[in-house]
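Here are the chains, one letter per residue:
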Amino acid sequence: ETGVTQSPTHLIKTRGQQVTLRCSSQSGHNTVSWYQQALGQGPQFIFQYYREEENGRGNFPPRFSGLQFPNYSSELNVNALELDDSALYLCASSLGMGVSNEKLFFGSGTQLSVL
Amino acid sequence: SQKIEQNSEALNIQEGKTATLTCNYTNYSPAYLQWYRQDPGRGPVFLLLIRENEKEKRKERLKVTFDTTLKQSLFHITASQPADSATYLCALDSTGTASKLTFGTGTRLQVTL
């Protein structure tokens, strides 16, 4: 187990709704990244938070937003859901910026289905 | 544009044989290359990291090579076991801080008795 927990494990929403996904990082990790994984694809980088500030963003629209809290837990919010948002959303924590040989510790993900 | 290619077809091998998975990339200058294992319904699990100035890295039955001239990494599992059956993802990191990993689509490995 990686020590990274995500909730909920599964979620069904309808188009146009909003969703919030949650992540608890591994103890001692101050960096969290979110990835979207569509069926049969590799994870795609959404954004990263370091010490509560966004630090890098992938090619995702502004309706994807996030927060990182002082205890380093994190949220991913998606507004105006579209059918193509259906995917496995993965949270990954790491030790922190500037650390060489970084590796990511992933949670088991939240499977989001948009109908 | 940047591209990472892994064989999308599943690799089927017999128990005890060596599995070799390929990761090719274009228009990329990675500082590190990482390999992850992913089981169905689970998040990826880190296996190995190799730096751009390293040719080879080993960990138990795993071996990774990194050829920046060919723009290719090979991932080997020796003495394969059915428990090795999973999808294996390669990921490139151009910053050295894992601030943004770019993943390939993964190759599914099936090890049979």
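What you are looking at is a predicted structure, and each value in this text was computed from that prediction instead of being measured.

Reading the values: rules and limits
- Residues numbered from 1 in each chain as written.
- Chains lettered and ligands numbered in written order.
- Predicted model: local features only at pLDDT ≥ 70, side-chain atom pairs only at ≥ 80, totals over all residues.
- Heavy atoms only, no water.
- Helix = DSSP H or I, 4+ residues; strand = E, 2+ residues; numbered from the N terminus.
- Rg over C-alpha atoms; globule rule 2.2 N^0.38 Å.
- Contact = heavy atoms within 4.5 Å.
- Areas by Shrake-Rupley, 256 points an atom, 1.4 Å probe, with all protein chains shown as cover.
- Lys, Arg positive; Asp, Glu negative; His and termini not counted.
- Charge placed at Lys NZ, Arg CZ, Asp CG, Glu CD.
- Pairing = 2+ DSSP bridges.
- Axes fitted to C-alpha atoms, helices over the stretch in contact; angles between N-to-C directions.
- Disulfide = S-S within 2.5 Å.
- Buried < 20%, exposed > 50% of the residue type's maximum accessible area, 1.4 Å probe, protein only.
- Phe/Tyr/Trp six-rings, centres within 6.5 Å; stacked < 30°, edge-to-face > 60°.

Caption draft 1: A look at the overall build of chain B. Check the secondary structure of chain B and you find zero helices and 11 strands. In chain B, the succession of helices and strands from N to C terminus is β-β-β-β-β-β-β-β-β-β-β. Here the C-alpha radius of gyration of chain B, 13 Å, is about what a compact globule of 113 residues would show, namely 13 Å. Over its C-alpha atoms, taken along the principal directions, chain B stretches across nearly 40 × 30 × 20 Å. Put simply, of all contacts in chain B between residues at least 6 apart along the chain, 54% involve residues at least 24 apart. For chain B, the exposed surface amounts to about 5600 Å²; the carbon and sulfur share of it is 45%. Chain B carries 14 positive and 11 negative side-chain charges, and their two centres are separated by 1 Å.

Caption draft 2: View of the sheet that holds strand S6 (residues 56–59) of chain B. All names here are of chain B. Reading across the sheet, the five strands line up as S1-S3-S8-S7-S6 and stay open at both edges, with antiparallel pairing between neighbours. The sheet terminates laterally at strand S1 (3–6) and S6, the two strands that pair on one side only. Going across the sheet, the axis of each strand differs from the next one's by a mean of 15 degrees, ignoring polarity. Here four bridges tie S6 to strand S7 (residues 62–67), and the two strands are oriented antiparallel to one another. Among the inter-strand pairings, Lys57 is bridged to a residue of S7, identified as Val64.

Caption draft 3: Quick peek at the state of the cysteines. All names here are of chain A. Evaluation of the coordinates by the stated rule reveals two disulfides over all chains. With a sulfur-sulfur separation of 1.8 Å, Cys23 is cross-linked through a disulfide to Cys91. Here the disulfide of Cys23 and Cys91 is left-handed, its torsion about the S-S bond being about -60 degrees. In this pair, Cys23 is assigned in strand S3 (residues 19–24) and Cys91 in strand S9 (residues 87–94), connecting sequence segments 68 residues apart. Both residues of the pair, Cys23 and Cys91, belong to the buried class.

Caption draft 4: Expanded view of the packing of aromatic side chains. With the rule as written, the count across this model stands at 12 aromatic pairs over all chains. Where Tyr35 of chain A meets Phe45 of chain A, the ring centres are 5.6 Å apart and the plane angle is 65 degrees; that geometry is what we call edge-to-face. Taken together, the positions of Tyr35 of chain A in strand S4 (residues 31–37) and Phe45 of chain A in strand S5 (residues 44–50) put the pair 10 residues apart, joining distant regions of the chain. Between Phe75 of chain B and Tyr88 of chain B the ring centres are 5.4 Å apart and the planes differ by 35 degrees, which places this aromatic pair in the tilted class. Of the two residues, Phe75 of chain B sits in strand S8 (residues 72–77) while Tyr88 of chain B sits in strand S9 (residues 86–93), which places them 13 residues apart along the sequence. In this structure Phe75 of chain B comes out as buried when scored by relative accessible area, which is 0%. By way of ring pairs, the aromatic residues Tyr35, Phe45 and Phe106 of chain A together with Tyr36, Phe46 and Phe103 of chain B are connected into one cluster.

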